[in-house]
Amino acid sequence: MKKNSIIIKWLNKEFGNLTEVVRDDKTFYVDKDQKPLFFYYHNEKNGYVYISYDKIWVFFESIFGLNTLQTKEILKVWLEETYNLRGVTPWLTY
């Protein structure tokens, strides 16, 4: 869908150049200010990637008008394409 490709482009522009930081049992993806935007646990078998509501998720609701399922679907594609995180489930975190 065209809307999805526009959103993926927006995500790449805003968050496509994050730095991977490994600490203890987590991998974080941080911005230039070292603030984490999403992370996952190494030992979790559920495959969740915890995405910041305030920094990323809120835009899907407020700007793009998407519901939770639509947001998860787009984030899943983006995480695979941009950060090579395959088979993960985006999950909201505050």
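(A) Expanded view of the side chain of D31. With respect to the helices and strands, D31 occurs in the loop between β2 (26-30) and β3 (36-41). It is K55 that comes nearest to the buried, bridge-free D31 among opposite-charge side chains, at 6.1 Å. At 3.0 Å, the side chain of D31 forms a polar contact with the backbone nitrogen of D33.

(B) Highlighting helix α3 (residues 68-83). Over its 16 residues, α3 runs 21 Å from end to end, which matches the ideal 22 Å to within 8%, given 1.5 Å per residue. Within the sequence span of α3, burial applies to T71, I74, L75, W78, L79 and Y83. An end-on view of α3 places all buried positions within 140° of arc, on one side of the element. Opposite the buried face of α3, at more than 90 degrees from it, the exposed residues are L69 and E81. On the buried face of α3, the contacting elements are α1 (2-15), β2, β3, β4 (48-52), α2 (53-62) and β5 (89-93). By the N-cap criterion, in which a side-chain oxygen at the helix start approaches the backbone nitrogen of a residue two or three places on, α3 is capped by N67, the distance to L69 being 3.1 Å. Looking one or two residues beyond α3, the residue adopting positive phi is N84, at roughly 55°.

(C) How the structure looks around the packing of α1 against α2. Look at α1 against α2: their axes get within 12 Å of each other, and the N-to-C directions meet at 155°. With respect to their mutual orientation, α1 and α2 come out roughly antiparallel. When the axes of α1 and α2 are compared, the crossing they make is right-handed. On the side of α1, the interface is formed by I7, W10, L11 and F15, while α2 contributes K55, I56, F59 and F60. Looking at the contact of α1 with α2, its residues break down into 7 nonpolar, no polar and 1 charged.

Rules used throughout
- Residues numbered from 1 in each chain as written.
- Predicted model: local features only at pLDDT ≥ 70, side-chain atom pairs only at ≥ 80, totals over all residues.
- Heavy atoms only, no water.
- Helix = DSSP H or I, 4+ residues; strand = E, 2+ residues; numbered from the N terminus.
- Buried < 20%, exposed > 50% of the residue type's maximum accessible area, 1.4 Å probe, protein only.
- Lys, Arg positive; Asp, Glu negative; His and termini not counted.
- Salt bridge = Lys/Arg side-chain N within 4 Å of Asp/Glu carboxyl O.
- Polar contact = N/O pair within 3.5 Å; in protein donor to acceptor, adjacent residues only side chain to side chain.
- Expected span 1.5 Å × (residues − 1).
- Arc of directions from axis to C-beta.
- Contact = heavy atoms within 4.5 Å.
- Axes fitted to C-alpha atoms, helices over the stretch in contact; angles between N-to-C directions.
- Parallel < 35°, antiparallel > 145°, perpendicular 65-115°, else oblique.
- Left-handed = near helix turned anticlockwise from the far one by under 90°.
- Nonpolar A, V, L, I, M, F, W, Y, C, P; charged D, E, K, R; others polar.

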